[in-house]
Amino acid sequence: DTGSGMALGGLGIVTMCINVPGITLGGVLADEMDRKLLLIRMQLVQLVVLVTVWLLEMALFLEPWHVYVAIALLTGARRLEGSARGVLTAVCVPRDVLPYAISINTITSHLGEIIVPFVFYALTLDQSLTPAFVSTVQNTVFCAPVVCDSETSLTVDCYTRTCY
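Remember, it's a predicted structure, so these values are computed and weren't measured experimentally.

S.K.: How should I be thinking about the overall build of the protein in this particular structure?
M.R.: When its secondary structure is counted, the protein shows five helices and two strands. Listed N to C, the secondary structure of the protein is α-α-α-α-α-β-β in terms of helices and strands. Sorting the 164 residues of the protein into buried and exposed places 29% on the buried side. For the protein, contacts bridging at least 24 residues in sequence account for 75% of all contacts bridging at least 6. Surface summary for the protein: the accessible area is close to 10,600 Å², and the carbon and sulfur share equals 69%.

S.K.: Please clarify how the side chain of E81 should be interpreted in this entry.
M.R.: With respect to the helices and strands, the residue E81 is situated in helix α3 (residues 64–92). With residues up to four places along the chain from it excluded, the contact list for E81 reads L39, M42, Q43 and Q46.

S.K.: What is the right way to read a nonpolar patch on the surface from this model?
M.R.: Taken together, I107, L111, I114, I115, F118 and V119 make up a surface patch of nonpolar side chains, about 590 Å² in accessible area. Note that I114 resides in helix α4 (residues 98–123). You can call I114 exposed: its relative accessible area is 53%.

S.K.: Any chance you could explain α4 here in plain terms?
M.R.: Side chains that are three or four residues apart share a direction in an α-helix, a result of its 3.6 residues per turn. For α4, built from 26 residues, the straight-helix expectation of 38 Å at 1.5 Å per residue is met to within 8% by its first-to-last C-alpha distance of 36 Å. Taking the largest bend as the criterion, α4 deviates by roughly 30 degrees, centred on I115, and proline P117 comes between one and four positions later.

S.K.: I would appreciate a short explanation of the nonpolar core in the present structure.
M.R.: In summary, soluble globular proteins display a tendency toward joint burial of nonpolar side chains. In this structure, V49, L50, V53, L56, L62, A70, L74, F133 and V137 together form the largest nonpolar core, which totals nine residues. The set of elements that each furnish at least two residues to this core consists of α2 (35–58), α3 and α5 (130–143). Considering every element that reaches this core, the biggest residue donor is α2, with four residues. Beyond its immediate stretch of four places on either side in the chain, V53 contacts L62, A70 and F133. One finds L38, L39, L80 and A84 within the second-largest nonpolar core, a separate group that totals seven residues.

S.K.: How should the packing of helix α1 (residues 5–32) against α3 be read in this particular structure?
M.R.: Two numbers describe a pair of packed helices, the interaxial angle and the distance between the axes. Orientation of α1 relative to α3, taken along the N-to-C sense of each, is 30 degrees, at an axis distance of 8 Å. Viewed along their axes, α1 and α3 adopt a mutual orientation that is roughly parallel. For the pair α1 and α3, the sense of crossing is right-handed.

S.K.: Any chance you could explain the packing of α2 against α3 here in plain terms?
M.R.: With their axes 8 Å apart at the nearest point, α2 and α3 run at an angle of 155 degrees to one another. Classed by the angle they form, the pair α2 and α3 counts as roughly antiparallel. Between α2 and α3 the crossing geometry is left-handed. Taken together, the residues of the contact of α2 with α3 sort by class into 17 nonpolar, three polar and five charged.

What counts and what doesn't
- Residues numbered from 1 in each chain as written.
- Predicted model: local features only at pLDDT ≥ 70, side-chain atom pairs only at ≥ 80, totals over all residues.
- Heavy atoms only, no water.
- Helix = DSSP H or I, 4+ residues; strand = E, 2+ residues; numbered from the N terminus.
- Buried < 20%, exposed > 50% of the residue type's maximum accessible area, 1.4 Å probe, protein only.
- Contact = heavy atoms within 4.5 Å.
- Areas by Shrake-Rupley, 256 points an atom, 1.4 Å probe, with all protein chains shown as cover.
- Patch = residues over 30% accessible without salt bridge, like charges linked within 9 Å, V, L, I, M, F, W, Y side chains within 5 Å.
- Salt bridge = Lys/Arg side-chain N within 4 Å of Asp/Glu carboxyl O.
- Expected span 1.5 Å × (residues − 1).
- Bend = angle between axes of the 7 residues up to and from the residue.
- Core = buried A, V, L, I, M, F, W, Y, C linked by side-chain atoms within 4.5 Å.
- Axes fitted to C-alpha atoms, helices over the stretch in contact; angles between N-to-C directions.
- Parallel < 35°, antiparallel > 145°, perpendicular 65-115°, else oblique.
- Left-handed = near helix turned anticlockwise from the far one by under 90°.
- Nonpolar A, V, L, I, M, F, W, Y, C, P; charged D, E, K, R; others polar.

Read these as geometric descriptors, not functional statements.
And the structure:
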């Protein structure tokens, strides 16, 4: 906690600088790459970043620049994952329920953006970030929709298993 408005503004700038090119790059990569592989790789990037930040916090080595790098990597990975997930949803969900699937994706995304800051605040009331990072890592592992099927190829989400 730096207590600095400039540090907070810097996070906004980092996020913007990643999001703007990430929108275009995410769309291109989702069209050109194997979408499942892109989704899986971006989830792994997020998991590695979150575990790294958690370990740095536990070891009391977490510095503000670590947070900037983590935010940049997480923002980029989320942007690229979101592009691949959107295309996969459109390809794999039956046309008659596609509006519902898109609505559910949008609602859960927005709810997460609203609820997570309050949960983070509640978990950091004791002045330690460790509980918040532990919770984030656990949720990332639990919610990561990466599943290995019987042929050891990777598939994504329960509703898309039949698509591949």
